[in-house]
Amino acid sequence: MTVANRTNYHSHCSFCDGKAPIGDFVAEAVRRGFTSYGVSSHAPLPFSAPWTLDRERVGEYLAEIARLQDLYAGRIELYAGMEIDYLDETWNPASPYFQQLPLDYRIGSVHLLRAPDGSIVDIDTAEEPFARNLEAHFGGDLRHLVEAYFDKLIRMVETGGFDFVGHADKMSYNASFCEKGLRERTWFRDKLRAYFERIAACGRMVEINTKKYGSCGVFFPHRDLFGWLRELRIPVTVNSDAHRPERIDEGRSEALAALYDAGIRTVAELRAGRWTEVPIDRP
Ligand SMILES: [Zn+2]
Ligand SMILES: [Zn+2]
């Protein structure tokens, strides 16, 4: 059995909306022979949300990761990260608050959009609530919603302050639920292409997020975009976005195989604290 590319840098825990303590995820990673592992709770927002780490508990979160780093020293490289929302110009991964935290890496993600009616809408939901929110807050205008999402991600990419883009096109999945064939529409492809070109021009890395591979057979970004990643020379890292310890390895080998099939030969891994391009060990 290969032990190469056995890493994950997108992982939640009971400090946010994960379903187990950090120690359970790390123990599982060690058991499965992972060489490095990153914990990335949803970062605090300027308002309380049930799925984020409380700002008052950030010190406790970092202390628990430090304790586990000592406990597992020599067995796994354990890293402290956060998945930080790009909320607006004042609250995002580049904000001084997040930059001064002693984190090993930062994920930049968009889960929330401000609707024309002023409300902040979570678009990172299951398909049915997404469709309801589209009607209730965006007047059913799917194109407006999709373009607002990618425009926000483009602002995040341009602003920086993070190590890689989290689940780069995740909304495509929900949006396709509302309109079959959406991903083949010319305006949609053009928007997506402009976004990926900005990612490349700004020198950002993206993750291949395997969270929905087990249930839906999809990666974020979608595997039919892997050719763009190769062509635009965008670095990639493979992550499971696990909320349960038993799912830390889900879809990892399938994502690596799909990357390899798309002509991509390396993935980024943290080694001694630095992102390092490591060959994909195709079985
Ligand atoms: Zn996320
Ligand atoms: Zn996540």
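Description of the structure in this document. (Residues numbered from 1 in each chain as written. Chains lettered and ligands numbered in written order. Predicted model: local features only at pLDDT ≥ 70, side-chain atom pairs only at ≥ 80, totals over all residues. Heavy atoms only, no water.)

Side note on the coordination of the zinc ion (ligand 1)
Taken together, the protein ligands of the zinc ion (ligand 1) are Glu 83 (OE), His 111 (NE2) and His 167 (NE2), with distances of 2.1 to 2.2 Å. Written as a sequence motif, the donor arrangement for the zinc ion (ligand 1) is E-x27-H-x55-H. Here the zinc ion (ligand 1) and the zinc ion (ligand 2) are spaced 3.3 Å apart, and both take Glu 83 as a donor. Here His 111, found in the loop between β4 (105-109) and β5 (112-114), pairs with His 167, found in the loop between β7 (164-165) and α6 (171-178); they are 56 residues apart in sequence, far enough to count as distant. Side by side, His 111 and His 167 carry an identical accessibility label, which is buried. (Donors = N, O, S within 2.8 Å, 3.2 Å for Na, K, Ca; no water. Helix = DSSP H or I, 4+ residues; strand = E, 2+ residues; numbered from the N terminus. Buried < 20%, exposed > 50% of the residue type's maximum accessible area, 1.4 Å probe, protein only.)

A few points about the environment of Gly 108
For Gly 108, the position within the fold is in strand β4. Overall, Gly 108 belongs to the buried group, its relative accessible area being 0%. Sequence spacing of Gly 108 and Tyr 86 is 22 residues, and the spatial spacing of their C-alpha atoms is 6.6 Å. Leave out the neighbours within four places in its chain, and Gly 108 touches Ile 84, Pro 93, Met 156, Phe 162, Phe 164, Val 165 and Gly 166. (Contact = heavy atoms within 4.5 Å.)

Observations regarding the sheet that holds β4
Taken together, the seven strands give an open sheet; going across it, the order is β1-β2-β3-β4-β7-β8-β9, and neighbouring strands pair in parallel fashion. Every other strand in the sheet has two partners, leaving β1 (7-8) and β9 (236-239) as the edge strands with one partner each. Looking at chain direction, strand β8 (residues 205-209) and β9 are connected through four bridges and run parallel. Note on β9: the bridge partner recorded for Val 206 is Val 236. (Pairing = 2+ DSSP bridges.)

Topic: the coordination of the zinc ion (ligand 2)
Bound to the zinc ion (ligand 2) on the protein side are His 10 (NE2), His 12 (NE2), Glu 83 (OE) and Asp 241 (OD), at distances that span 2.0 to 2.4 Å. Around the zinc ion (ligand 2) sit four donor atoms; with metal-centred angles ranging over 78 to 164 degrees, the donor geometry is irregular. All donors of the zinc ion (ligand 2) belong to a single chain; written as a sequence motif, their spacing is H-x1-H-x70-E-x157-D. By relative accessible area, which is 0% here, His 10 ends up buried. For Glu 83, a relative accessible area of 1% corresponds to the buried category. (Tetrahedral: all angles 85-135°; square planar, octahedral: opposite > 155°, others 65-115°.)

Observations concerning the layout of surface pockets
Taken as a whole, the largest pocket spans an internal volume of roughly 310 Å³. Every residue lining the largest pocket is counted, 20 residues in all, and those nearest its centre are His 111, Asp 124, Thr 125, Lys 170 and Lys 211. Split into classes, the residues belonging to the lining of the largest pocket amount to five nonpolar, seven polar and eight charged. (1 Å grid on protein atoms, 1.4 Å probe; cavity = no way out; pocket = protein on both sides within 12 Å on 5 of 7 lines; lining within 4 Å. Points joined across faces, edges and corners; volume = space filled by probe spheres on them. Nonpolar A, V, L, I, M, F, W, Y, C, P; charged D, E, K, R; others polar.)

Quick word on α6
Of the positions making up α6, those classed as buried are Met 171, Ser 172, Asn 174, Ala 175 and Ser 176. On its buried face, α6 is in contact with β5, α4 (127-138), α5 (142-159) and α7 (186-201).

Remarks on empty space enclosed by the protein
Enumeration according to the criterion identifies one cavity of 30 Å³ or more in this entry. Roughly 50 Å³ of internal volume is contained in the largest cavity. Looking at the largest cavity, the residues that line it are Asn 5, Thr 7, Thr 237, Val 238, Arg 252, Leu 256, Val 267, Ala 268 and Glu 269. Elements that contribute at least two residues to the lining of the largest cavity include exactly β9, α10 (252-261) and β10 (266-271). When residues of the lining of the largest cavity are assigned to their parent elements, the largest contribution, three residues, is made by β10.

Overview of the packing of α4 against α6
In contact at an axis separation of 9 Å, α4 and α6 are set at 70 degrees when each is read in the N-to-C sense. Judged on the interaxial angle alone, α6 and α4 are roughly perpendicular. From α4, Glu 127, Glu 128, Phe 130, Ala 131 and Leu 134 reach across to α6, where they touch Met 171, Tyr 173, Asn 174, Ala 175, Phe 177 and Cys 178. For the contact of α4 with α6, the class distribution of residues is eight nonpolar, one polar and two charged. (Axes fitted to C-alpha atoms, helices over the stretch in contact; angles between N-to-C directions. Parallel < 35°, antiparallel > 145°, perpendicular 65-115°, else oblique.)

Considerations on the side chain of Asn 239
Along the chain, Asn 239 falls in strand β9. Of note is the side chain of Asn 239, whose polar atom sits 2.9 Å from the side chain of Glu 207. (Polar contact = N/O pair within 3.5 Å; in protein donor to acceptor, adjacent residues only side chain to side chain.)

Describing the side chain of Glu 269
Of note, Glu 269 is situated in strand β10. The buried category is assigned to Glu 269, whose relative accessible area is 1%.

What about the packing of aromatic side chains?
Following the criterion strictly, the structure yields 19 aromatic pairs and no others. Residues Tyr 173 and Phe 220 carry aromatic rings whose centres are separated by 6.5 Å and whose planes lie at 80 degrees to one another, so their mutual orientation is edge-to-face. One end of the pair, Tyr 173, is in helix α6; the other, Phe 220, is in the loop between α8 (213-216) and α9 (226-231), and 47 residues separate them in sequence. Residue Tyr 173 is classed as partly exposed on the basis of its relative accessible area of 25%. The class of Phe 220 is buried, set by a relative accessible area of 2%. Their ring planes at 25 degrees and their centres at 6.1 Å tell us that Phe 219 and Phe 226 sit as a pair that is stacked. By relative accessible area, which is 2% here, Phe 219 ends up buried. What makes Phe 226 buried here is its relative accessible area of 1%. Across the ring face of Tyr 97, the terminal group of Arg 55 is positioned such that the distance to the ring centre comes to 3.8 Å. Between Arg 204 and the ring centre of Phe 162, over which it is positioned, the NZ or CZ distance is 5.7 Å. (Phe/Tyr/Trp six-rings, centres within 6.5 Å; stacked < 30°, edge-to-face > 60°. Lys NZ or Arg CZ within 6 Å of the ring centre and 35° of its normal.)

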